[in-house]
Structures are given as C-alpha cells and as structure tokens.
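Here are the chains, one letter per residue:
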Amino acid sequence: MSETDASILSAIDQGQFSLAQSLLSRKLKKFPNKSYYWAVNCYLLVSLGKHEEALSQSNALKEKVPSDPHALEMLYKVFELLGRPKDANMIYENAVKKYPSADLIECWFQLAVSKFDIKTMQKAAMALQKHKKGDRKLAMRAAFCCLNLALSKVCKITEKEATLYSNLGEKLLELFDFVSGSTQEVYVYCKLLKNNEKYQEIALLLSSYEGTLDLDLQLLYLDALDKLEKWEELYLLAKKLLFEVQFNDFDTWKYLIRASKNTSRDYVECQDLISLHRPSTRNSQLAAIEAAKLYEKPVDALILNYYKNFSSKLCCYTDISYYQPTPFIDKIKETTSEILASSKVNTASLITLVNNQKFIQTWDDKLDKLAFIAANWAIYHKFQPLLAEKVETDAYSANELILMNVVLSLEDKSASNIVKNIITLEHLLDKDPQDFKVRLLLLHLYASINCDSLAVHNYNKLRIKMFQHESLSHLIVDSMTPTKANLQELINIYRFYLSADGELNESVSLAFEKEVYNKLESFTLFSIKLKNSLSRYVLLLQLIKFCRILNDHQYLNYFSRIVQEHELEVSEGSLDVLDNRDYTTLWSFGSQPNTSKLPTVKRGKEYVQLMCAKELLILENDFTKTTKLIKQFNKALNSEKIHDQLAQHEQWTFKLLLNLFKLFKQPPSKESEALVNFLVKNLKLEKIKLVASGAGLNRCLFEVLEFIKIYEQISRRNGFKSEILLKAVANVAQEIKNSKLTDLTLSEIDNVSADDVPRESATEVVEMIKKSLKESSYKKCI
Amino acid sequence: MTSIKPFQIEDLLDVNPVNLDPLTESYNVQFYLEYLIQWPTLFFKSTEISDFANVEKREISGYMMGKAEGQLAKKEWHTHITAVSVNSYYRRLGLASHLCSELERLTKGPPYETLFVDLFVKVTNTLAQQLYEKLGYSVYRRVVGYYGRTLPTDSSKIDDKIDAFDMRKLLPRDVNRETVRADGKNHNVLPQDVTF
Ligand SMILES: CC(C)(COP(=O)(O)OP(=O)(O)OC[C@H]1O[C@@H](n2cnc3c(N)ncnc32)[C@H](O)[C@@H]1OP(=O)(O)O)[C@@H](O)C(=O)NCCC(=O)NCCS
C-alpha cells in the first residue's frame, strides 16, 4: 500500500471526508481500471452514511469479479458494514472460481480465520486442497475445517449437515496412512471417525499407532473400546494406565469397573483389585464406592469408610453428596461432639467440623436455624488460634461457616440487614484478608446496595484481570452508577477485549500454521465467545450510558460507532449474543445449592437487543430505519424474558424512551399528542418515587438524568416541538436537583451492628458505606 | 473424583475457583495461547464431578501449565513448570503432586527427554516448597528480585518478598547428575541470568 493509499484510508477513518474524496478522485482519474480504488470509493460512501449508493456501487464492482486481494479485502469490509456478510463472502467465492490461484484462496482462508468464520474457513480450505490435490497438509487442514464445522455449536447447522461435513472430512484423509503420522493428524482423523461412529477404525489405528498416544488420543482410544464393548481390551488398558503408568484418573477407574463387570469378573475380585492400588488415593477409595454402585451392592458402609478417611479434607462433602447415601446424621453429630469436647485445636478437626455442619444443614429436616448459626460462630471462635498460625495465603476453612450464616441471614433482604452482613464479612476479611470467597460475596453485597466504590475496591483487591473480566465483570458492571471513577474502571475492563481480539487473531492463524488441531476448535469457539459476549455488550452499553451522562463526547462517539457496526443484526433482531458469565463461583461454598440469593437483575440477550436498539435509535434519523428499530425496541421490551433482565424502575424508564422515540423518530402523527401527554404525566419526582425505592431509587434517578440528555440530543435535531414537554423535562430536572432522596437510605443504616463483631469495627464499616453511597449518588452528576 | 483432561483455551472461562487464589497469577490470553500452541501436551487440567440437587457438574479443580526449553549442549534442556494450582476444596489430596508427576512422566521420555524439571517459587511460599521437596526437588539457586517491579542489578541484595527459589528435580537423562546441586540456597543470581 502506498503512502497516499494509507492516508486516504486514515482520512476516511478520522472523518476527514473531503480530504479523502479529493485524494481518491485523483487516484481514480489516474488508475480508472484499478478495482482497489473503486472499492475504497465504496468504503468512503458507507462511511459518509450513503448506504444505498455504496450498495449499488459495490454490487456493480462485485459483478466485475475483481481479483486483486486488496480490492477484495476492501469490498469485503464494505459489504460487512452494509450488513451483507453473504455478499462479502461471495466476492471471494466468485474470484476464486474465476481465477483459482493458490495465493488468492489462501488470502480468502486467512480472512475467514481472522473473522473466526468457521463456515468460510471450511469453504476456502476445501477450495485450496482441491487446487493442490494430494498435498497432505492442505488436505489435513480442510479435513479439520470440516470437523470444526461439524462440531461447531455456534454455526447453527443441522445434524444432517454435520454428518455430511464429517463424512467429507473423513473422505479427504482416506488415502493417507496414519500409523506413523503425527499425533495431531491422527487426532483429526480419529475425531472425524468418531463423529461418523467408526469406533472399530479408531481402535484399530490407535492400537497399531507407532508413536506415543497423547492424552487426547488416549481418551479417544478408551472411549472407542468402551463403545465397541471390547471389554477385555478396555480392562487391560485401564488397568495398565492406573496401576503401571500411575495415571490417577477417575474416568479411567470407571472404565476399569465397567469392563470388570462386563468381563464377568465378580464383585469381590473387582474390589480386591481396587484395594491393591498403591498409594491408596481419594480416587481409588471413591472407585470402591463406584464399583458397589455399578455391581448394585450396598454403598453405605463404603461411604462411611470414605468419611472416616476423608472427613478432614474439604472435598468430603462434595464427594459424599454425589453418591447420595442414606444420611448418617447420628455419626456426624457424634464426631462433632467428640471434637468440640476435646481441647485440641487443629486444621483436621476444623475441616471435619466444617464438613459436618454442611451435612447437618443438608440432612437435618428440623434444623434450628438460630442454633445452627450460633454453632457455626462457636466453632469459628474455638479455632481462632489457627488463624494466627496459618500461612497468610493459605485457605482458612472456618470462614465458610460464617458464609453459611450470611446466606441464611440474607433471607431478610432489607438494606440494614445487608449492611449487617457486610459488617460480618468485613470482620472475617480483617482476620483473613486473602479469602476470595468472602471477598466475592462482600463485593456482591456492596454492589447490591449501590456502594460502587467499595464493590470496585474489592473487585480490584481480588486482582480480577484479563480474561477473568469476561466471566466476572458482571458482578460490578451491571449495577454500577455513572461516576468518573467508574467510567475509568469500565474503560480499563474494555481494554482487555481490544487486546484479546488481536491476540486471538494472531494465534488462531499461528495454530493453523503449526497444525495444532487439538486446540484449534476451542481457539475458534473462544474467539467467537469473546466476540459475541454478553458481558462485552453489556459493558459497551454501560460505557455509552456513562459517557452520555458524564458528557464525555469523544468516548461516546467511539463506543457508539461499535454499536453501529451491528445495525443490521439489531434492526432484524438477529444479534448473536453468547453468555460466558460465571454465576457459580460466587455461591459455591457451604452446603449447596445455595438459596436465598439477592434479587439482582440478570442481564440477557433481550436486554442487549433492547439497549442496542436504543443506542441506534438515538443516532439514526432515517425514518425507514428508525421504524424498523422502534419495532425491535418494542419487541424486546415486550418479550417475556426481559422482565428478569430489568430492574423495576427500568421497565418504566424504557417505556418513557419508547414514547420519546415514537415522538421524535417517526413522522409526526395523530399519536403525537398522546405521546407527549404520557411523558408529561410521568416526568415528575413523585412518579419516580412511586416506581423506585431503596437502592433502586438512586439508579432510577440516573436513568432519568440520562433520559433528559437523550431528550436534549434528539429534540435538537428533529423538527417536532412541544413546549409542555420541554417544560416538563426542565421541571423534573429541577426537582431532582432540589431533592434529598438518598439521605433516606443513609439514616436507615445508621445504627446497624452485627453479633460477634466489635461495635467499633461495625461503626467504621457503616461510615465507609455512607461515604461510598455519597460517592455514587446521582447528585454527583448534577 | 479427579479426572485428567487436556486444557483448552475456553477453560479460562471456568477457572475462577482456581485463579482467584492469591498466589495464582492470571495472564493475558496470548500467554495461554502460546503455551497451547507450542506445548499442547504439557498443559492439562484436573476436573471433578459434583451433583447437588440432581444437577451434575464438572468443574476444574486444578491445572498444570508446562513447557520444555533450553539448549541440550549447554545442559539446559529442561521441563519447566510455569503454573500449577489447585482449587482450595481439593487441596491436600495429592492433586498438585499428581499434576507434577504427570508433567515429569510426559517429558522424561521421548519426544522431550529433558534433563531436569524446574520451577520458580516465591521464597515466602513455603507450602509450595514443601510440596516440591516431597516430590524430590531441591533449590538450585535464588533468583534475586524475580517477582519485583524493577530489574535488580545486585544479586547480593536479597529480599524474601520478591525473591524466588529456582527448584530442580533431576530426570533420568542427566545420568551424571550435572544439573542439580546440594548447596543451591547459597547461589544468588539475577532474573536476567535465568532466561533460556
Ligand atoms: C501449592 C498447591 C499447588 C498445593 O496443592 P495440593 O494439591 O494441596 O498439594 P498436594 O496435596 O500434592 O501436597 C503435597 C504436599 O505438599 C505439602 N503441602 C501442600 N499444601 C500444604 C499446606 N497448605 N500446608 C502444609 N503443607 C502443604 C504437604 O507436605 C503435602 O503433603 P501432605 O498433604 O501429605 O502433608 C496449592 O496449595 C495451590 O494451588 N496453591 C496456590 C498456587 C500456588 O502456590 N502454586 C505454586 C506456585 S509455584
């Protein structure tokens, strides 16, 4: 690319359209036959918002079947921006048909890789292997792409198509010999065979394979023998892995037990073999239980035996729960009494008590909650000397007892009770600052009562970073209020996505080059998961909202453009959104599953669709487009699923927005007066107080402040004028300014304290909370 | 009930219970991708099955991230433990030991056949040191300022908070035991001396 070529593109990207236009027209005059410049011209037209003209010119260019890779890439981009991915791919398909050169097909393939487009990768890889028949590497790559497509959970292909692709992939490799091939090649071939249910072939190949089977191949081999019911072979292989190779793997134990039963080895022989395993491990002891289950023998005695050996390990409760034995609550209570009667204080006894409390909570139908809570505190206090002895970073199990208490107590969801539990959790952290389970729950409680700064503080204390944002950022992002500090936090989180995009792009390409097929399927899926991530969308939409409220126009433009790239999907209601959030880790402690969680909203796909439609509606002025968008906005707002995704007050603010959009983003109609009336009737502080209370009130006020900004922005641009609406908006803004609403929450929590926590510590926490509440108050923004 | 499976990049979305641990580092995605591409067999995880209220779940209980590097001619061709970490609910069961032994088994023979396994551990992380000692590792040298923010220049300025021990375990290929030493704690080096 020449210097001028680069400056044309950068002028377009920076919005310097007349400069771009003059540079480009010189080029077009000089090189009227160069398709590249015509493609750039289309790009300029799209960027200018002249979509129809861009489309007709792009189509005209498409008809000419350009083959210059730069032109193709540019035209591809234009079609993508116009929301026509099919046409984008078609230009390559046509070019490749007409001028089938290896370089061109490779370009097409690399482009598909960079877009994580599994379908096109397969097409391009197939074209390339056809072009160079007999090339082992290209055939392998094409076969993998068939496999990847067949397995893909995101491509929405039918089962029939999946079978077709698997067969096609297998066919491509038929002529190759794999006995001495690389493990990666064998992996692809065996996975295709597996998809085609050809287990016999898998077993045959892997039993005669000359190299060492890696873990992937070993798992495929075991699975194939199992499916083929080759019990004796399976028995011998599993036994060798467990006893000779010392591959201590529970799934392999299960194969061994199943094979043992099916080869008519009797129960005693099977148990004898298990007991011979050295060293005796948790896996081997659980295998004994598994064997009893499979041979349909009593399990309770074995479970008790397991309890005897593992009650002082934290996995005990989970392991035993899995086998659902007859509850042995008397034995549990007896052990607890013995430990409590003794003066010995050690980690093993503590963990046993923690496990026992979990069993008691699960098994005791007549559990006396208050007594249970008191017992947990008593254990906590008795074992406190261990806290002083332990290595700072080592996990401390007694905290879990108090977490169980907190969950029980959270049945009362009032602000003062949440604060009480916060005090308790802060107390635990004071003694043991490294416990992430405590901190995670604490941050969740802070977020639920609008203490953003404290939620964020704890989020950062947990050192949540990089990829962890993807699954955990929802803990702070969803409920955050728009302060300057929070905006900065969100931008920092967003940076992760920008760098991950680039890293994944490079790595997927490199993995293809290095033929690391057993990782590539996950690479592409992960890339797609991040690209269409729900957390990422919610973050982006929060960023836009924050920038708008805080008047950060530069960032507002930047982030809004990203939403605009999805215009077509949003207006057709076909936006792909994938959810990778972790809601489990926060609650995985104590006796599970944990109930009585806090009633926080859980954003979903419909919310993203609604919010994207909102943002596009704010920006769009073309009535044909806005009509479509209003339809989608309305549809999302009325969908059944949206109710759990919005806070109560948001249902109301979105209705206000709907009316506003109908008023300003549609041609004036008879309806206009009714729309104005609705808005005027609702834009009052009194009304706000009716729709929101507690922590929701502060958030609702932010929503209204944003509404006012949106009103100002779109009413300025549009011809419709209404004096009474203008007045109503000004009035409500003034009312909000004069109000003292958040002080209510502050007084509610003034004297909160918690049992078992010193008074001074409680007061300190309450003061901290008050300060944080003030920091996240809507008042900061007016 | 632990099973061993290959690590996949998507697992990053499920490792929170392991990575939220204060001593377990989370890196940028590129770092994990590089390991998966370069040493796909040396990155594996342990998984557990649980069942509460009849909802069966598989969760990640730990992982091993390893690599092989260094020149054989310089007697530096070795296996390196980059990260090993176990969810606190599954500790003291021998899981980390098993993950280490697996890595050792995978690299002591072909195709890797390295001379030794090594790792860096914080001088203050005595728990992990006990684990490695039990497995036969010993300190080879102290890397001064390995975990510090700035690159140190003086190897005599020791500081437990930011120094690391480079611990090693001999593998059968080093028949003459040339890559380990008994008095490792007395050898101080700088971070720039331990790159391969
Ligand atoms: C260090 C860590 C990996 C150990 O995992 P683990 O699965 O519990 O280890 P093992 O069960 O194999 O332990 C083997 C031996 O190490 C020692 N050890 C491990 N954890 C210990 C602890 N908390 N306290 C005392 N000794 C400990 C013991 O000698 C133990 O044998 P024993 O249980 O028979 O007494 C785990 O605690 C962890 O993930 N920590 C955070 C991450 C980390 O520090 N990684 C190492 C960085 S180099």
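Analysis parameters
Residues numbered from 1 in each chain as written. Chains lettered and ligands numbered in written order. Predicted model: local features only at pLDDT ≥ 70, side-chain atom pairs only at ≥ 80, totals over all residues. Heavy atoms only, no water. Helix = DSSP H or I, 4+ residues; strand = E, 2+ residues; numbered from the N terminus. Buried < 20%, exposed > 50% of the residue type's maximum accessible area, 1.4 Å probe, protein only. Pairing = 2+ DSSP bridges. Contact = heavy atoms within 4.5 Å. Buried area = accessible area lost by both parts, 1.4 Å probe. Polar contact = N/O pair within 3.5 Å; in protein donor to acceptor, adjacent residues only side chain to side chain. Nonpolar A, V, L, I, M, F, W, Y, C, P; charged D, E, K, R; others polar. Domains from an automatic or database assignment. Salt bridge = Lys/Arg side-chain N within 4 Å of Asp/Glu carboxyl O. Near = heavy atom within 4 Å. Areas by Shrake-Rupley, 256 points an atom, 1.4 Å probe, with all protein chains shown as cover. Arc of directions from axis to C-beta. Expected span 1.5 Å × (residues − 1). Core = buried A, V, L, I, M, F, W, Y, C linked by side-chain atoms within 4.5 Å. Phe/Tyr/Trp six-rings, centres within 6.5 Å; stacked < 30°, edge-to-face > 60°. Axes fitted to C-alpha atoms, helices over the stretch in contact; angles between N-to-C directions. Right-handed = clockwise from strand over helix to strand, strands pointing away.

**Brief notes about unusual backbone geometry**
For residues other than glycine, phi is negative in most cases, and the peptide bonds are mostly trans.
Part 1 of the reasoning: Note that the residue after Arg278(A), namely Pro279(A), is joined by a cis bond; omega there is -5°.
Part 2 of the reasoning: On the secondary structure map, Pro279(A) appears in the loop between helix 16 (267–275) and helix 17 (282–294).
Part 3 of the reasoning: Pro111(B) follows Pro110(B) through a cis peptide bond whose omega is 5°.
Part 4 of the reasoning: Take Pro111(B): it is sitting in the loop between helix 3 (95–108) and strand 5 (116–122).

**Digging into the pairing of strand 4 (residues 78–86) of chain B**
On a regular strand, one side chain projects to one face of the sheet and the next to the other, so that they alternate.
All names here are of chain B.
Part 1 of the reasoning: Taking burial as the measure, the nine residues of strand 4 include eight buried ones, the bulk of the element.
Part 2 of the reasoning: Pairing of strand 3 (residues 55–69) with strand 4 involves eight bridges; the strand directions are antiparallel. In the sheet register, Gly62 faces strand 4, and the bridge partner there is Val86.
Part 3 of the reasoning: As defined by bridge partners, strand 4 adjoins strand 5 across four bridges and the pair is classed as parallel. Within strand 5, the position partnered with Thr79 by the bridge is Val117.

**Concerning the interface of chain A and chain B**
Part 1 of the reasoning: Across the contact, 73 residues belong to chain A and 57 residues belong to chain B.
Part 2 of the reasoning: Carbon and sulfur atoms make up 59% of the area that chain A and chain B hide from each other, which totals about 5,800 Å².
Part 3 of the reasoning: It is Tyr322(A), Phe467(A) and Lys519(A) that lose the most area in chain A upon contact with chain B, and together they represent 12% of the buried surface on that side.
Part 4 of the reasoning: Linking chain A with chain B are 26 residue pairs in polar contact (both at pLDDT 80 or more), by the criterion used here.
Part 5 of the reasoning: In terms of residues, the side of chain A that touches chain B owes the most to one element, helix 30 (residues 484–513) of chain A, which gives eight residues.
Part 6 of the reasoning: Partitioned by chemical class, the residues of the side of chain A that touches chain B number 32 nonpolar, 20 polar and 21 charged.

**Concerning the domain arrangement of chain B**
Residues and elements named next belong to chain B.
Part 1 of the reasoning: In terms of domains, chain B is made up of domain 1 (1–114) and domain 2 (120–196).
Part 2 of the reasoning: The gap between the C-alpha centroids of domain 1 and domain 2 is 21 Å.
Part 3 of the reasoning: Taken together, the contact between domain 1 and domain 2 spans 22 residues of the former and 14 residues of the latter.
Part 4 of the reasoning: Surface buried jointly by domain 1 and domain 2 totals about 1,500 Å² across both partners, of which 66% is contributed by carbon and sulfur atoms.
Part 5 of the reasoning: Looking at the side of domain 1 facing domain 2, the largest losses of area belong to Leu23, Lys75 and Glu104, adding up to 30% of the total buried there.
Part 6 of the reasoning: The tally of links from domain 1 across to domain 2 stands at two salt bridges.
Part 7 of the reasoning: A salt bridge links Glu104 to Lys169; the shortest N-O distance between them is 2.8 Å.
Part 8 of the reasoning: The interface formed by domain 1 and domain 2 includes two residue pairs in polar contact (both at pLDDT 80 or more).
Part 9 of the reasoning: If you list the elements that add at least two residues to the side of domain 1 that touches domain 2, you get strand 4 and helix 3.

**Describing the site of the ligand**
Residues and elements named next belong to chain B.
Part 1 of the reasoning: The local shell around the ligand holds 22 residues, among which Val86, Arg92, Gly94, Ser97 and Lys134 are the closest.
Part 2 of the reasoning: Residue Ser85 places a side-chain N or O atom 3.4 Å away from an oxygen atom belonging to the ligand.
Part 3 of the reasoning: Between the ligand and Arg91 there is a distance of 3.3 Å, counted from an oxygen atom to a side-chain nitrogen or oxygen.
Part 4 of the reasoning: Protein burial of the ligand: of its 900 Å² of free accessible surface, 84% is covered by the chains.
Part 5 of the reasoning: Counting only elements with at least two residues in the shell around the ligand, the list comes to strand 4, helix 3 and helix 4 (126–134).

**Considering helix 4 of chain B**
Residue and element names in this part refer to chain B.
Part 1 of the reasoning: When we look at burial in helix 4, the residues that qualify are Ala128, Gln129, Leu131 and Tyr132. Projection of helix 4 onto a plane perpendicular to its axis shows the buried side chains occupying an angular sector of 160°, all on one side. Seen from the buried face of helix 4, the exposed residues on the opposite side, beyond 90 degrees, are Gln130 and Lys134.
Part 2 of the reasoning: Lining the buried residues of helix 4 we find strand 4, helix 3, strand 5 and strand 7 (164–170).
Part 3 of the reasoning: One or two positions beyond helix 4, positive phi appears at Gly136, with a value near 100°.

**A few points about helix 15 (residues 250–262) of chain A**
All names here are of chain A.
Part 1 of the reasoning: Compared with the 18 Å implied by 1.5 Å per residue over 13 residues, the 18 Å span of helix 15 between its first and last C-alpha is a close match.
Part 2 of the reasoning: Where helix 15 begins, the side chain of Asp249 points an oxygen toward the backbone nitrogen of Asp251, at a separation of 3.3 Å.
Part 3 of the reasoning: Phi turns positive, to about 60°, at Ser264, one or two residues after helix 15.

**Regarding the nonpolar core**
Part 1 of the reasoning: Core analysis: the biggest nonpolar cluster contains 335 residues, and Leu173(A), Phe512(A), Phe633(A), Ile688(A) and Ile769(A) have the highest contact counts within it.
Part 2 of the reasoning: Each of domain 1 (1–114) and domain 2 (120–196) of chain B gives at least three residues to this core.
Part 3 of the reasoning: Sequence-distant contacts of Ile769(A), that is, excluding residues within four places in its chain, are made with Val419(A), Ile422(A), Tyr446(A), Ile449(A), Cys451(A), Leu454(A) and Ile749(A).
Part 4 of the reasoning: Phe120(B), Val143(B), Ala164(B) and Val194(B) belong to the second largest nonpolar core, which has five residues in total.

**Here we look at the packing of aromatic side chains**
For any pair of aromatic rings, the description rests on two quantities: the centre-to-centre distance and the angle between the ring planes.
Part 1 of the reasoning: Counted according to the given criterion, the structure contains 42 aromatic pairs over all chains.
Part 2 of the reasoning: Ring centres 4.6 Å apart and planes at 25° place the aromatic pair Phe178(A) and Tyr189(A) in the stacked group. Here Phe178(A) is found in the loop between helix 10 (159–173) and helix 11 (183–195), whereas its partner Tyr189(A) is found in helix 11, with 11 residues between them in sequence. Pair check on accessibility: Phe178(A) and Tyr189(A) agree, each one buried.
Part 3 of the reasoning: Members of the aromatic cluster, joined through ring pairs, are Phe467(A), Phe7(B), Tyr27(B), Phe31(B), Tyr32(B), Tyr35(B), Trp39(B), Phe43(B) and Tyr63(B).

**A few points about the sheet that holds strand 3 of chain B**
Consider a sheet: its strands pair through backbone hydrogen bonds, and that pairing is either parallel or antiparallel.
Residue and element names in this part refer to chain B.
Part 1 of the reasoning: Spatially, the eight strands line up as an open sheet ordered 1-2-3-4-5-7-6-8, and their pairing is mixed. Each edge of the open sheet carries a strand with a single partner, namely strand 1 (2–6) and strand 8 (188–189).
Part 2 of the reasoning: Where strand 2 (residues 43–52) lies against strand 3, 10 bridges are found, and the strand directions are antiparallel. If you follow Ile49 over to strand 3, its bridge partner there is Arg58.
Part 3 of the reasoning: Against the sheet, helix 2 (residues 29–38) touches strand 2, strand 3 and strand 4, its axis set at about 75° to strand 3.

**Some thoughts on the pairing of strand 5 of chain B**
Residue and element names in this part refer to chain B.
Part 1 of the reasoning: In terms of burial, strand 5 is a largely internal element, six of the seven residues being buried.
Part 2 of the reasoning: Handedness of the strand 4-helix 3-strand 5 crossover: right-handed.
Part 3 of the reasoning: Across seven bridges, the pairing between strand 5 and strand 7 is antiparallel. Within the sheet, the bridge partner assigned to Phe116 lies in strand 7 and is Leu170.

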